[in-house]
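# Observations on chain architecture
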Protein chains: 2
Amino acid sequence: MATIKDVCKLAGVSKATVSRVLNSTGQVKKSTADAVYQAISALDYKPSSLARALATNSTNTIGLVVSAFEGAYFSSLLRKASQTTLQAGKQLLIMDGGHSSASEQLAIESLVERKVDAVILYTRQIPEAVLKQLMNDLSIPLIIINQQVEGFEERCISFNQYEAAQQAAEYLLSKGHKEFACITGPESSINSHLRLQGFQDTLIKYNLQTCTAYHGDYFTQSGYHACNELLASKQSFTAIFAANDNMAMGAIRALHDAGLQVPQDISVLGFDNDPAGEFTIPSLTTIMLPVEEMAYTAVKQALQLIDKQEISTIALFSGNLIVRESVDHL
Amino acid sequence: MATIKDVCKLAGVSKATVSRVLNSTGQVKKSTADAVYQAISALDYKPSSLARALATNSTNTIGLVVSAFEGAYFSSLLRKASQTTLQAGKQLLIMDGGHSSASEQLAIESLVERKVDAVILYTRQIPEAVLKQLMNDLSIPLIIINQQVEGFEERCISFNQYEAAQQAAEYLLSKGHKEFACITGPESSINSHLRLQGFQDTLIKYNLQTCTAYHGDYFTQSGYHACNELLASKQSFTAIFAANDNMAMGAIRALHDAGLQVPQDISVLGFDNDPAGEFTIPSLTTIMLPVEEMAYTAVKQALQLIDKQEISTIALFSGNLIVRESVDHL
DNA sequence: TTGTATGCGTTATCAT
DNA sequence: ATGATAACGCATACAA
């Protein structure tokens, strides 16, 4: 690997000059600049981003830590984030956040040490108090997707889970359903709670009985199992609200195996708008979650913070009902 | 951020000594070592991985570049690779390879500059000749997933696409099918060609007519559209071989929309063993592709190469038929 | 316009 | 056992 020194020798100039033409900072005579370019291409010289980072305390990079790679949701997130970052002339470095608060924090730390200019965290594990502290202590901007942190609203990209679940309930009610079951996410998940809460509150608002909740883990299989439990419990219901599309699909299959047709016998409403849901049989009525917009916004916000620009506060993103086949009127 | 200097001052020792206790290289009196530890924790000092990388020319990191984040396939890949790397005490840095040979190479370069100890590349774009050159020129090991490079077999983790497609064809034939259609990947994809070739060659072997191929892009929607084209062409067929599960699902839906039942009227065979395929209606008969094993092997091989250990040559991975509902006998 | 010198935070080679 | 000091490859303030 050729270094700046080699270029100096070949071009007959000093490191400062090479650095100048490289970063186009300061004035350089055209002839010497040309000589430098000559040397650079002759040696196939590439400045070491590492050394540069050490000297400038910044790379041209944004870090992203995600805590799981499951499902269409994360595919979209990563793709859009990567694309947006690239378009801004920066690079995106992705790390796995693992399955604990500690490992998420480790990933963040590692990224910070690598001198990324900002880190975007899709968190599932770190408690709000810790996040607050991180946002205060870290020398670079930290943007959070999927959670609100009090006092740092401009750095939080999140989704109105509660309102979306209300939408879901309202729709089901409008179709004449009155008895429900829920397949929701893990008990530990805040957002899972919010979705459930939004759903239940709406039922209460209409003087209906709240529904029992079965917990899954967002994988298709867990939806299948949860629905089987539900069926075994012999309770009466005409519609299921699932906390994501995967579990909705699992539930539909469980109903199918029990000889029940969706939506003729039971309606199922999903969440996420997984692209596959458009083509399943029956296709999935679901709540669209604008992941790509959220990823885009997260990166944009990061870029603004890096440039020390005015930070615009961000509204909670909200869901949209996608009406397809899996919900029918009673 | 506290640096090594601060530790020096507080502990009353030199940089060399701090470095010694940090890396446990060389002898240090217990008392002074303790003093250093004291200072370190008092200042919450973390050595800069960047500076360390500059000095040692190596980080404890493996780089992974993937060219797309679509589908369950990549989720598994990323998850398993990350997990395996972590278990080996290293970190995994992931970068998007984008959609061109150039961007893939850029990602590799960027990772190399960051002094990762090895890079694993899931390639879709870079031609073999370029890969060969990269493997020769790069100062660190480059492991390739999804393509064979002549002369570097120990560094290539790939899948016997051809044989898997043969399996698929044999199975369909064993069920009495004789007229087929294929929905395959993009024309540019080598593996897509291999799958198609394996399928066609098997038909030829049994003196059957080869089938026409429709190209998709591995997304569900493209399977849907391809199948509609197929249907519009009015050709006669009793089974469809799709190059991945997503497209198989899209095809099934297209058939459904055309009033055709799977598998009663038409059989559909997928590829990948997407976890969701177990729960679709009908569930998907498919070829399992051992992504996780491949990811695991890639990381393990990388680790061996980093340690300059003997490199064990790797056999081509092969697929396994998963029999479910979407294929029936004629 | 160009060069010198210093710093970035480590590791590593010498001495001592 | 420990301490100077030179690398590592670059940026940059200051001189010239």
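Residues numbered from 1 in each chain as written. Chains lettered and ligands numbered in written order. Predicted model: local features only at pLDDT ≥ 70, side-chain atom pairs only at ≥ 80, totals over all residues. Heavy atoms only, no water.

The next thing to look at is helix α8 (residues 161-174) of chain A. Residues and elements named next belong to chain A. For α8, spanning 14 residues, the distance from its first C-alpha to its last is 20 Å, which sits close to the expected 20 Å at 1.5 Å a residue. If you follow the buried residues of α8, they end up packed against β6 (180-184), α9 (190-205), β8 (239-242), β9 (267-269), β10 (286-288) and β11 (320-322). Immediately beyond the C-terminal end of α8, within one or two residues, lies glycine 176, with a positive phi of roughly 90 degrees. (Helix = DSSP H or I, 4+ residues; strand = E, 2+ residues; numbered from the N terminus. Expected span 1.5 Å × (residues − 1). Contact = heavy atoms within 4.5 Å.)

For the rest of this paragraph, the subject is the relation of the copies chain A and chain B. Between the two copies, chain A and chain B, the superposition gives an RMSD of 0.1 Å; the rotation angle is 180 degrees and the shift along the axis is 0.1 Å. Taken together, the rotation angle and the small translation identify this as a two-fold axis. No C-alpha of chain A lies nearer the rotation axis than that of Ile94(A), which sits 2.4 Å from it. Counting the interface residues of chain A, we find that 100% of their copies in chain B are interface residues as well, pointing to one common contact surface. (Least-squares fit on C-alpha atoms with pLDDT ≥ 70 in both.)

We now examine the sheet that holds strand β9 (residues 267-269) of chain B. Residues and elements named next belong to chain B. Read across the sheet, four strands follow the order β7-β6-β8-β9 without closing on themselves; strand pairing throughout is parallel. Because the sheet does not close on itself, it has two edges, and the strands there are β7 (213-215) and β9. Averaged over all neighbouring strand pairs, the angle between strand axes comes to 20 degrees, with direction disregarded. Sheet analysis places strand β6 (residues 180-184) next to β7, joined by three bridges and oriented parallel. Looking at β7, one finds that threonine 184 is bridged to histidine 215. Helix-sheet contacts for helix α8 (residues 161-174) involve β6, β8 (239-242) and β9, and the interaxial angle to β8 is about 165 degrees. (Pairing = 2+ DSSP bridges. Axes fitted to C-alpha atoms, helices over the stretch in contact; angles between N-to-C directions.)

Surrounding DNA strand C, one finds 27 residues, the nearest of these being Arg20(A), Gln27(A), Lys29(A), Thr32(A) and Ser48(B). A share of 67% of the atoms of DNA strand C within 4 Å of the protein falls on sugar and phosphate groups. Here Arg20(A) contributes a side-chain N or O atom positioned 2.3 Å from a base oxygen of DNA strand C. Between a phosphate oxygen of DNA strand C and a main-chain N or O atom of Lys29(A), the distance comes to 2.6 Å. Where the surface near DNA strand C is concerned, the elements lending two or more residues are α2 (15-23) and α4 (49-56) of chain A together with α1 (4-11), α2 (15-23) and α4 (49-56) of chain B. For the surface near DNA strand C, the per-class residue count stands at 11 nonpolar, 10 polar and six charged. (Near = heavy atom within 4 Å. Polar contact = N/O pair within 3.5 Å; in protein donor to acceptor, adjacent residues only side chain to side chain. Nonpolar A, V, L, I, M, F, W, Y, C, P; charged D, E, K, R; others polar.)

Moving on, we get to the domain arrangement of chain A. Per the domain assignment, the segments making up chain A are domain 1 (4-56), domain 2 (61-159 + 291-318) and domain 3 (161-288). For domain 1 of chain A versus domain 3 of chain A, the separation of C-alpha centres amounts to 62 Å. (Domains from an automatic or database assignment.)

Here we take up unusual backbone geometry. Omega for the bond connecting Ile281(A) with Pro282(A) falls within 30 degrees of zero, at 0 degrees, which places this linkage in the cis form. As for its position among the elements, Pro282(A) is in the loop between β9 and β10. Phi is positive for Ser24(A), which is not a glycine, with a value near 40 degrees. Although it is not a glycine, Lys115(B) sits at a positive phi angle of roughly 65 degrees. Looking at the secondary structure, you find Lys115(B) in the loop between α6 (101-113) and β3 (118-122).

Let us look at the pattern of salt bridges. One pass over the structure, following the stated rule, counts 16 salt bridges over all chains. A salt bridge links Glu292(B) to Arg79(B); the nearest nitrogen and oxygen atoms lie 3.8 Å apart. On the criterion of sequence distance, the pair formed by Glu292(B) in helix α12 (residues 291-306) and Arg79(B) in helix α5 (residues 71-87) is long-range, its members being 213 residues apart. Classification of Glu292(B) by relative accessible area gives partly exposed; the value is 35%. On the accessibility criterion, Arg79(B) (23% relative accessible area) is partly exposed. In this structure, Glu170(B) and Lys205(B) form a salt bridge, with 3.4 Å as the shortest nitrogen-oxygen distance. Taken as a pair, Glu170(B) in helix α8 and Lys205(B) in helix α9 (residues 190-205) lie far apart in primary sequence, 35 residues in all. Take Lys205(B): its relative accessible area is 55%, and that puts it in the exposed class. What emerges from the salt-bridge pattern is a single network uniting Arg253(A), Asp257(A) and Glu325(B). (Salt bridge = Lys/Arg side-chain N within 4 Å of Asp/Glu carboxyl O. Buried < 20%, exposed > 50% of the residue type's maximum accessible area, 1.4 Å probe, protein only.)

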